[in-house]
Amino acid sequence: MPGKRVVFLGPPGAGKGTQAKQVVAKLGLLHLSTGDLLRDEVARKTELGEKAKGVMDRGELVPDALIIDMIRGRLSGARNGFLLDGFPRTVAQAEALAGITDLDAVVNISLPRDEVVRRLTARRVCRGCGAIYNLTFNLAAEESKCRACGGELYQRDDDRPAVIENRYDVYEKSTAPLIAFYSRRSLLHSVDGRLGSDAVLAEILRILGA
Ligand code: AMP
């Protein structure tokens with residue numbers, strides 16, 4: 001049987017990236033994080049990266065056409081299933097995705113605004129392997145290196161308070177309508193992101209029948 005085709009929805013900071021890393025390791029799916037792909041384009045100073053950088057730093061969305069082009073080719077290579085993390089983020093992206101592939105499940109990880117702000121302010125990311133840490137849960141203030149690869153831990157430019165608020169506004173306006181979009185298509189499953197990371201993972205694996 002081919003692997004599952006899964007989308008993670010939810011506001012920034014809900015735990016999509018953290019959960020995605022564990023779910024793909026367990027189920028052997030291709031992990032496609034549009035945020036990670038874009039940060040890589042920015043770091044390599046590609047044409048797409050140059051176009052995306054300012055938009056990302058302000059917490060706005062990169063234009064749909066650029067995102068869809070970036071994801072289309074990668075999806076066609078995902079024969080053993082995939083997990084999309086951070087895509088789609090608009091109804092136009094969801095419609096384009098529907099034209100490319102069917103889906104098996106959409107998992108919405110919810111988190112209220114005050115908790116998003118609290119978590120993102122405390123988030124640190126490894127420049128080397130992308131591991132995600134949080135000063136509230138699993139990182140001591142004096143730690144500056146990744147435990148997995150020794151890479152430098154840094155705070156994303158868009159994880160600063162003024163940008164975080166804007167990202168949540170953008171989420172509510174552009175991305176939250178996807179909850180109804182996928183609910184109408186009977187694909188939606190919801191998980192409360194305030195549960196601890198282990199409980200959220202167990203719930204996601206149960207939803208995916210793993
Ligand atoms: P993330 O790592 O998912 O929080 O994404 C970081 C930033 O990349 C977002 O705030 C957007 O500027 C941009 N981005 C990531 N995914 C998308 C998408 N599907 N559509 C538009 N912009 C995106």
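Bear in mind that the values here come from a model prediction, so they are computed numbers and not experimental data.

Engineer: Whenever I open this one, helix α8 (residues 177-184) confuses me. Can you help?
Structural biologist: Quick reminder: α-helices carry 3.6 residues per turn. Residues three or four places apart thus point the same way. Among the residues of α8, L178, F181 and Y182 are the ones counted as buried. Considered in projection along α8, the buried side chains sweep an arc of 85° and stay on one side of the axis. Each element contacted by the buried residues of α8 is listed here: β1 (5-9), α5 (91-100), β4 (105-110), α7 (161-175) and β8 (188-192). Two residues or fewer after α8 comes S186, characterised by a positive phi angle close to 60°.

Engineer: Mind showing me how you'd approach the packing of helix α2 (residues 34-43) against helix α4 (residues 64-76) here?
Structural biologist: The relative placement of two packed helices comes down to the angle between their axes together with the axis-to-axis distance. In the contact formed by α2 and α4, the axes pass within 11 Å of each other and the chain directions differ by 105°. Judged by the inter-axis angle, α2 sits roughly perpendicular to α4. Across from T34, L37 and L38 in α2, the residues of α4 making contact are I67, M70, I71 and R74. The residue makeup of the contact of α2 with α4, split by class, is five nonpolar, one polar and one charged.

Engineer: Explain the state of the cysteines here, please?
Structural biologist: Simply put, the disulfide is a covalent bond whose two ends are the sulfur atoms of two cysteines. For the coordinates displayed, the defined rule picks out zero disulfides. Here C129 stays free of any disulfide, with the sulfur of C146 as its closest cysteine sulfur at 3.8 Å. By relative accessible area, C129 is classed as partly exposed at 42%. Looking at C149, it has no disulfide partner, and the nearest cysteine sulfur is the one in C126, 3.5 Å off. Taking relative accessible area as the criterion, C149 reaches 43% and is therefore assigned partly exposed.

Engineer: Help me out: how do you make sense of the sheet that holds strand β7 (residues 153-154) in this one?
Structural biologist: Think of a sheet as strands paired side by side through backbone hydrogen bonds, with each pair either parallel or antiparallel. Taken together, three strands build an open sheet; the order of strands is β6-β5-β7 and the sheet is antiparallel. The open sheet has two edge strands, β6 (132-134) and β7, and neither has a second partner. One ladder, built from three bridges, connects strand β5 (residues 123-126) with β6; its direction is antiparallel. Note on β6: the bridge partner recorded for R124 is Y133.

Engineer: What am I meant to see in the environment of E165 here?
Structural biologist: Its place among the elements puts E165 in helix α7. E165 sits 52 residues away from R113 along the chain, and the two C-alpha atoms are 8.2 Å apart. Here E165 is in contact with R113 and V117, once residues within four sequence places are set aside. At a separation of 2.8 Å, a polar atom in the side chain of E165 contacts the side chain of R113.

Engineer: Help me understand the pattern of salt bridges, please; the structure alone is not making it clear to me.
Structural biologist: Two side chains with opposite charge may pair up if their charged atoms get near one another. One pass over the full model with this rule turns up 20 salt bridges. The partner of R5 in a salt bridge is D104, and the shortest N-O contact between them spans 3.1 Å. Taken as a pair, R5 in strand β1 and D104 in the loop between α5 and β4 lie far apart in primary sequence, 99 residues in all. Look at R5 and you get partly exposed, because its relative accessible area is 27%. Measuring nitrogen to oxygen at the nearest pair gives 3.4 Å for the salt bridge that ties R113 to E172. With R113 in helix α6 (residues 113-121) and E172 in helix α7, this pair connects stretches of sequence that are 59 residues apart. Take R113: its relative accessible area is 27%, and that puts it in the partly exposed class. Ionic contacts of the salt-bridge type, sharing partners, join the residues R123, R156, D158, D159 and R167 into one network.

Procedures and definitions
Numbering of residues starts from 1 in each chain and follows the order in which that chain's sequence is written. Local features are withheld for residues below a pLDDT of 70 in this predicted model, meaning they are given only at 70 or higher, and side-chain atom pairs are given and counted only at 80 or more; totals for whole chains, interfaces and linings count all residues. As a rule here, side-chain values cover all heavy atoms of the structure and leave hydrogens and water aside. Remark: exposure states derive from per-residue accessible area (1.4 Å probe, protein chains only) relative to the maximum for the residue type, with buried under 20%, exposed over 50%, and partly exposed in between. For the purposes of this entry, the term helix denotes a DSSP run of H or I that reaches at least four residues, the term strand denotes a run of E that reaches at least two, and both are numbered from the N terminus. Regarding the arc, it is the one traced by the directions from the helix axis to the C-beta atoms. In what follows, a contact means two residues having at least one pair of non-hydrogen atoms within 4.5 Å. Orientation is described by lines fitted to C-alpha atoms, with helices fitted over the stretch in contact, and by angles between N-to-C directions that extend from 0 to 180 degrees. Every angle not falling under 35 degrees, over 145, or within 65 to 115 is termed oblique; those three ranges are roughly parallel, roughly antiparallel and roughly perpendicular. Under the scheme applied here, ten amino acids are nonpolar (Ala, Val, Leu, Ile, Met, Phe, Trp, Tyr, Cys and Pro), four are charged (Asp, Glu, Lys and Arg), and all others, including Gly, are polar. For the purposes of this analysis, a disulfide is any pair of cysteine sulfur atoms at a distance within 2.5 Å. The pairing criterion for strands is at least two bridges between them, as found by DSSP. The definition of a polar contact used here is a pair of N or O atoms within 3.5 Å, where within protein one atom must be able to donate a hydrogen and the other to accept one, and adjacent residues in sequence count solely through side-chain atom pairs. The working definition used for a salt bridge is a side-chain nitrogen of Lys or Arg within 4 Å of a carboxyl oxygen of Asp or Glu.

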